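# Coordinate analysis (summary)
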Amino acid sequence: MATSPKTPTFKKDKKDESFFDKISGTLARKKHKAKEVNELQEEGKHAIDDPSLSPDLAGTFVLDEGEERSMIEPASRDDPKFKELQKVLIEWINDTLVENRIIVKDIEEDLFDGQILGKLIEKLADIKLEVAEVTQSEQGQKQKLKTVLDTTNRLLNLPRWNHQQKWSMEMGWRQDKWSADSIHSKNIVAIIHLLVALAQHFRAPIRFPEHVSVNVVVVQRRDGQLATRKVVEELTTTNDMMQGKFERDAFDTLFDHAPDKLNVVKRSLITFVNKHLNKINLEVTDLDTQFADGVYLVLLMGLLEGYFVPLYSFHLTPDSFDQKVHNVQFSLELMQDGGLPKPKARPEDIVNLDLKATLRVLYNLFTKYKHLN
């Protein structure tokens, strides 16, 4: 029986190997190597995310005894409300620092070194921090962060942390929610806790998505082994509850429980301010909006105290948010110079048409000057 002839095969001489063959082999090996690296990285990430982390993997992570590392579970990171909270905070930071020409795109990557956080604190509190403008070394960045956070904690009226007193008596925020180490390690939960506290304290004109919580896996080295635990971090509650952390006064009660009396108060205040503004042919008909640019407040203080306010000291026709804030801030300073206590309202509150803030300021004036002709 005849057999079909075998197809001859030729062994390619090494010297006949084309340049393309060499490149193809090299690329294939590199792709295989890259695939192994990616798989190893994913395995390591899964090991941290996995709450059933085995102590046998203790050598996988470079953690000192007692040191912790935490990561948000992937499902929480992808939560739409968590993403929305980041978006709101980023837009607020960028709006606040627009004059500095600073643009934040990523909370973890852009805020960890303290550079932008420092600028944010300076702008919000109208202060100048004694820190280096640019720090490249890790030690320098952490030292700068510590200075920024020490100042922040003082502004938030937080006590220095200790085991007996972890809570701010005034605001209810925990200082141990953030630290120089946690922020420098790009712990997004710590960074967001800090940003939310700052936004609340400085009455940022934003609304948070409510009831934002994330699941966090905390890994800690104990006795040479890794132990894990899951914690739920509550980042926001409701806007009403968060605003309620500030001391309530008679106007809060008036708005909440006696809206019928609110119109009576507004009419009384309109009568009071017009008695004086009419002297220079000005008249107020709407308390909600007409004091928002600060012009009437400045002029009113001059009338009440009996002096002319130089026109160069404020913006008579403000056309920007900052100019309006300047006017209101200037009027509040005039009030303090006249012996009134420091107002509870911030200039930004009045510019943002916060009626309670406007009424508080006008009522303080009414209380002192109501008998003035």
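Residues numbered from 1 in each chain as written. Predicted model: local features only at pLDDT ≥ 70, side-chain atom pairs only at ≥ 80, totals over all residues. Heavy atoms only, no water.

### Things to note about the overall build of the protein
Short version of the rule: What counts as a helix is a DSSP run of H or I of at least four residues, what counts as a strand is a run of E of at least two, and both are numbered from the N terminus. Burial classification: accessible surface area is computed with a 1.4 Å probe over protein chains only, and a residue below 20% of its type maximum counts as buried, one above 50% as exposed, and the rest as partly exposed. Throughout, a residue-residue contact means that at least one pair of heavy atoms, one from each residue, lies within 4.5 Å. Here the accessible surface of atoms and residues is derived via Shrake-Rupley with a 1.4 Å probe, and residues count as covered only by protein chains that are part of the display.
Tallying secondary structure elements over the protein gives 15 helices and three strands in all. In the protein, which comprises 373 residues, the proportion classed as buried is 40%. Sequence-distant contacts, at least 24 apart, represent 61% of the contacts inside the protein between residues at least 6 apart. By element, 52% of the accessible surface of the protein is carried by carbon and sulfur atoms, the whole surface being about 22,500 Å².

### Re helix 12 (residues 295-305)
Among the 11 residues that make up helix 12, nine are buried, leaving the element largely enclosed by the rest of the structure. Considered for burial, the residues of helix 12 that qualify are Val295, Tyr296, Leu297, Val298, Leu299, Leu300, Met301, Gly302 and Leu304. Lining the buried residues of helix 12 we find helix 11 (259-277), helix 13 (321-337), helix 14 (347-351) and helix 15 (355-369). The positive-phi residue at the C-terminal boundary of helix 12 is glycine 306, with phi of around 80 degrees.

### A word on the environment of glutamate 108
With respect to the element layout, glutamate 108 can be found in helix 4 (residues 107-111). Judged by relative accessible area, glutamate 108 falls into the buried class, the value being 17%. Note: C-alpha distance between glutamate 108 and alanine 190 (82 residues apart in sequence) is 9.9 Å. Excluding residues that lie within four positions of it along the chain, glutamate 108 makes contacts with Arg77, Lys186, Ile188 and Ile191.

### Section: the sheet that holds strand 3 (residues 225-234)
Basically, it comes down to this: At least two DSSP bridges between two strands are required for those strands to pair. Note on definitions: angles span 0 to 180 degrees between N-to-C directions of axes, and those axes are lines fitted to C-alpha atoms, for helices only across the stretch in contact.
The strand order across the open sheet built from three strands is 1-2-3, with neighbouring strands paired in antiparallel fashion. Only two strands of the sheet have a single partner each, and these edge strands are strand 1 (68-72) and strand 3. Neighbour to neighbour, the strand axes of the sheet diverge by 25 degrees on average, direction disregarded. Lying on the sheet, helix 8 (residues 188-201) is in contact with strand 1, strand 2 (213-222) and strand 3; it crosses strand 3 at an angle near 30 degrees.

### A word on a negative patch on the surface
How we decide: Candidate patch residues must exceed 30% relative accessible area and have no salt bridge, after which like charges are joined if within 9 Å and Val, Leu, Ile, Met, Phe, Trp or Tyr side chains if within 5 Å. Each reported salt bridge corresponds to a side-chain nitrogen of Lys or Arg within 4 Å of a carboxyl oxygen of Asp or Glu. The charge count treats Lys and Arg as positive and Asp and Glu as negative. His and the chain ends do not count. By convention, charge coordinates are those of NZ in Lys, CZ in Arg, CG in Asp, or CD in Glu.
A contiguous patch of negative charge on the surface is contributed by Asp64, Glu65, Glu67 and Asp223. In this fold, aspartate 64 is placed in the loop between helix 1 (19-49) and strand 1.

### Overview of the confidence of the model for the protein
Definition in use: pLDDT measures how confident the predictor is about each residue, on a scale from 0 to 100.
Here the protein averages 77 in pLDDT, and 73% of its residues register 70 or above. Across the protein, the element-wise mean pLDDT spans from 49 in helix 1 up to 94 in helix 12. For the stretch residues 1-17, pLDDT sits under 50, and the model shows three contacts to residues farther than four places along the chain or on other chains. Within the model, the stretch residues 160-173 combines pLDDT values under 50 with 31 contacts to residues more than four positions away or in other chains.

### What about unusual backbone geometry?
Unlike most non-glycine residues, lysine 186 shows phi in positive territory, near 65 degrees. Relative to the assigned elements, lysine 186 resides in the loop between helix 7 (180-184) and helix 8. One non-glycine residue, leucine 353, adopts positive backbone phi at about 65 degrees. Topologically, leucine 353 is positioned in the loop between helix 14 and helix 15.

### A look at the pattern of salt bridges
The tally for this structure, following the rule as stated, stands at 11 salt bridges. For lysine 87, the salt bridge is made with glutamate 91, and the minimal N-O distance between the two is 2.9 Å. Taken together, the residues lysine 87 and glutamate 91, both in helix 3 (residues 80-96) and four residues apart, mark about one turn of the helix. With a relative accessible area of 43%, lysine 87 lands in the partly exposed category. For glutamate 122, the salt bridge is made with lysine 128, and the minimal N-O distance between the two is 3.9 Å. With relative accessibility at 13%, the residue glutamate 122 sits in the buried group. Put simply, Glu138, Lys142 and Asp181 are held in one network by salt bridges that share partners.

### A word on the packing of aromatic side chains
Put simply, the rule reads: Classification of ring pairs uses Phe, Tyr and Trp, with its six-membered ring standing for Trp, and accepts pairs whose centres are within 6.5 Å; under 30 degrees between planes counts as stacked, over 60 as edge-to-face, and the remaining range as tilted. The rule for a charge over a ring is simple: NZ of Lys or CZ of Arg within 6 Å of the ring centre, and within 35 degrees of the ring normal.
This structure, assessed with the given rule, holds three aromatic pairs. Taken together, a centroid distance of 5.5 Å and an interplanar angle of 85 degrees make the contact between phenylalanine 272 and phenylalanine 366 edge-to-face. Pair noted here: phenylalanine 272 is in helix 11 and phenylalanine 366 is in helix 15, with a separation of 94 residues, a long-range link. You can call phenylalanine 272 buried: its relative accessible area is 4%. Through successive ring pairs, a cluster of aromatic residues spans Phe272, Tyr363 and Phe366. The residue whose ring lies beneath lysine 186 is phenylalanine 112, and the NZ or CZ to ring-centre distance is 4.6 Å.

### Regarding the side chain of lysine 119
The residue lysine 119 is located in helix 5 (residues 115-125) in this model. Assessed through its relative accessible area of 18%, lysine 119 is described here as buried. Every residue in contact with lysine 119, bar those within four places of it in the chain, is listed here: Leu97, Asn100, Ile102 and Glu133.

### With respect to the layout of surface pockets
Our working rule: With a 1 Å grid laid over protein atoms only, a set of points is called a cavity when a 1.4 Å probe fits there but cannot get out and a pocket when it is open yet has protein on both sides within 12 Å along at least five of seven lines; lining residues have an atom within 4 Å of a point. Grid points are joined across faces, edges and corners, and a volume is the space filled by probe spheres set on the points.
When its volume is computed, the second largest pocket comes out at roughly 1,100 Å³. Looking at the lining of the second largest pocket, the elements that each hand over two or more residues are strand 1, helix 2 (74-77), helix 4, helix 6 (138-155), helix 7, helix 8, strand 2 and strand 3.

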